[in-house]
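Remarks on the overall topology
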Amino acid sequence: MSPTSAAVVESPWPRSEPPGLTPDAEQVQLRESLRGLLGKYSDIDQVRAAADTDPGYSPHLWRILADEMSVAGLAVPEQYGGLGYGTAELAVVLEECGRALVCEPVYSSAVLGAHALLTAPEAEGNLLPEVLTGDLVATVSALGPDTDDLRATPGPHGWRADGTVTHLIGGGSADIVIASAETADGSRLFALRLPEDTVRTERRVLDPTRRQADIAVLDCPAVPLTTPDATEAASTRLRDLATLALACENTGTIDRLLEMTVAYAGTRRQFGRPIGSFQAVKHRLADLLVALERARSASRYAAALYAEDPDSARLAVAVAGAVCTDAAVHAASEAVQLHGGVGFTWEHAAHSYFRRVLGNEAAQGDARSHRARVAALIGV
C-alpha cells in the first residue's frame, strides 16, 4: 500500500499546548492564600464538626470563601458579575479543597451551580448574583432519568415544577436546585427556587462530609435554563465539568495523603529504624508519587482544555476522570495500610479521605466507566 492510499487518522488531541497549563504567579498566589486559609479553618477536626451540623458545613467558612476568596465567581465572566478567570484557576481551588477535605458547597454551588445558571441565554440574572456572592447555595442533580423525576408546566406567573429529585449533593440545605424536567415540548433544564416547605429526606451516605438528600416539590417556581434542543448539550457539558471538578479534587486529596503518609513513615520506628527507611515502604511511597504526578498532569491538562472549549476537552476530561479516580482510591488505600494499626481506626484522618474518594467515585463513575467513555470517544 502506498503512503498516499493509507487512511489518515486524525488525532483527537490538540496539536499545541493549551494556555494555562503551567501555573503562573497568580495561580501560585491563589494556592498559597487558600491553603493558609483552609489550614486555619478546615483541619480534620473542624471538618468533622462542621459536617455534623444541620447544614452539613460551616456557614462561617463558606462566608469567608465567598467574600474573601470569591470562589463562586472566580471562573464566571465579568459581564455576569464574576472575576473572569478560567477553569485552570478553578482547578487550583478544587485541589486545595480536596487537600483540606472541605465540606462547604464549593463543588456543588460555586462550581456546578454557578456554571449551570450560566447555561441560560441571559445567564439568569435573578438567581446568579446571589449564588456568586454565596448568599444562595445551589446544587445540580445528576441530570439523569434515575435521579430526576420532574414535570414542568408554564403558567400566568411563570413555570412551575412538580416531582422529585434524588441523590442531590447538599440537597438538605440547598436554596436552588438545577435539574432536568419534562415539558410538553421535551426535556429542559430548570433552576428550582426551593420554598421553605420543601420535603427533604437525608440519605445515608458513605462520606458524611458530603451529604446527599432527596427532595420532593409541588408547584415549585422554576426558571428555564435551556430550550429542549439545547438540553442534551448543556447537560453533557455540566457532567464533564462535574467529572473534571472531582478529578481536580482527587488530585489534591492524593497530594495530602502522600504528604501525611511520608511524614508518618519518617517518624514511626520499627526495629530501631524509621519505617520509611525500609525498601518495601520506599517503593510504595514512590508509586504514590508517580500516581500523584499522573493525576496532576491529567487533571490540569483537562482543566486547561476545558477553559478554551468545553466540547473539545471531552476526551481529556474522560481521561482525567479515569486516571484521577484510580490514583485517589489507590492512594487512600495505601495511606490506611502504611499508617499501620492507627490507620485502621475510624478516628484517623485517612479514613475520612478514604470515604471522600469512594464517594466521589460513586458520584461521577468509577475508572472503568470513564475508560469506556474514552473508548467511545475515540471510536474503539
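You'll find the structure just up there.
Every value quoted in this text rests on a predicted model; they were computed, and no experiment measured them.

Time to look at empty space enclosed by the protein. A full pass over the atoms with the stated rule returns 3 cavities of 30 Å³ or more. Forming the walls of the largest cavity are 19 residues, and the residues nearest its centre are Cys-103, Ile-169, Gly-170, Arg-210 and Arg-211. Partitioned by chemical class, the residues of the lining of the largest cavity number 7 nonpolar, 6 polar and 6 charged.

Evaluation of the coordinates by the stated rule reveals 1 aromatic pair. Ring geometry for Trp-159 and Phe-190: centres 5.2 Å apart, planes at 55°, overall tilted. Note that Trp-159 is positioned in strand β3 (residues 158–169) and Phe-190 in strand β5 (residues 186–193), a separation of 31 residues in sequence. Note on accessibility: Trp-159 and Phe-190 belong to one class, buried.

Note: strand β2 (residues 148–155) against β3, 8 bridges, orientation antiparallel. Looking at the pairing, Gly-155 lines up with Gly-158 of β3. Where β2 folds back on β3, the antiparallel hairpin that results is connected by 2 residues. Bridge count for β3 against strand β7 (residues 212–224) is 8 bridges, and the pairing is antiparallel. Considered in β7, the bridge of Gly-163 is made with Val-217.

Each pair of packed helices can be summarised by the angle the axes make with each other and by the distance between the axes. Running from amino to carboxyl end, helix α1 (residues 25–41) crosses helix α4 (residues 87–100) at an angle of 25°, the nearest separation of the two axes being 10 Å. Taken together, the axis directions place α1 and α4 in an arrangement best described as roughly parallel. Considering the relative orientation of α1 and α4, their crossing is right-handed. Of the residues in α4, those in contact with Gln-27, Leu-30, Arg-31, Leu-34, Arg-35 and Leu-38 of α1 are Ala-88, Glu-89, Val-92, Val-93, Glu-95, Glu-96, Cys-97, Arg-99 and Ala-100. Grouping the constituent residues of the contact of α1 with α4 by class yields 8 nonpolar, 1 polar and 6 charged.

This part is about the side chain of Thr-243. Following the sequence through the fold, Thr-243 ends up in helix α7 (residues 231–267). Discounting residues that sit within four places of it in the chain, Thr-243 has contacts with Val-317, Gly-321, Gln-364 and His-370.

Our focus in this paragraph is unusual backbone geometry. Residue Leu-143 is not a glycine yet carries a positive backbone phi of 60°. Looking at where Leu-143 falls in the secondary structure, it is placed in the loop between β1 (138–140) and β2. The phi torsion at His-167 lies on the positive side, around 55°, for a residue other than glycine. Among the secondary structure elements, His-167 is positioned in strand β3. Look at His-167 and you get partly exposed, because its relative accessible area is 38%.

Conventions and cut-offs
Residues numbered from 1 in each chain as written. Predicted model: local features only at pLDDT ≥ 70, side-chain atom pairs only at ≥ 80, totals over all residues. Heavy atoms only, no water. 1 Å grid on protein atoms, 1.4 Å probe; cavity = no way out; pocket = protein on both sides within 12 Å on 5 of 7 lines; lining within 4 Å. Points joined across faces, edges and corners; volume = space filled by probe spheres on them. Nonpolar A, V, L, I, M, F, W, Y, C, P; charged D, E, K, R; others polar. Phe/Tyr/Trp six-rings, centres within 6.5 Å; stacked < 30°, edge-to-face > 60°. Helix = DSSP H or I, 4+ residues; strand = E, 2+ residues; numbered from the N terminus. Buried < 20%, exposed > 50% of the residue type's maximum accessible area, 1.4 Å probe, protein only. Pairing = 2+ DSSP bridges. Axes fitted to C-alpha atoms, helices over the stretch in contact; angles between N-to-C directions. Parallel < 35°, antiparallel > 145°, perpendicular 65-115°, else oblique. Left-handed = near helix turned anticlockwise from the far one by under 90°. Contact = heavy atoms within 4.5 Å.

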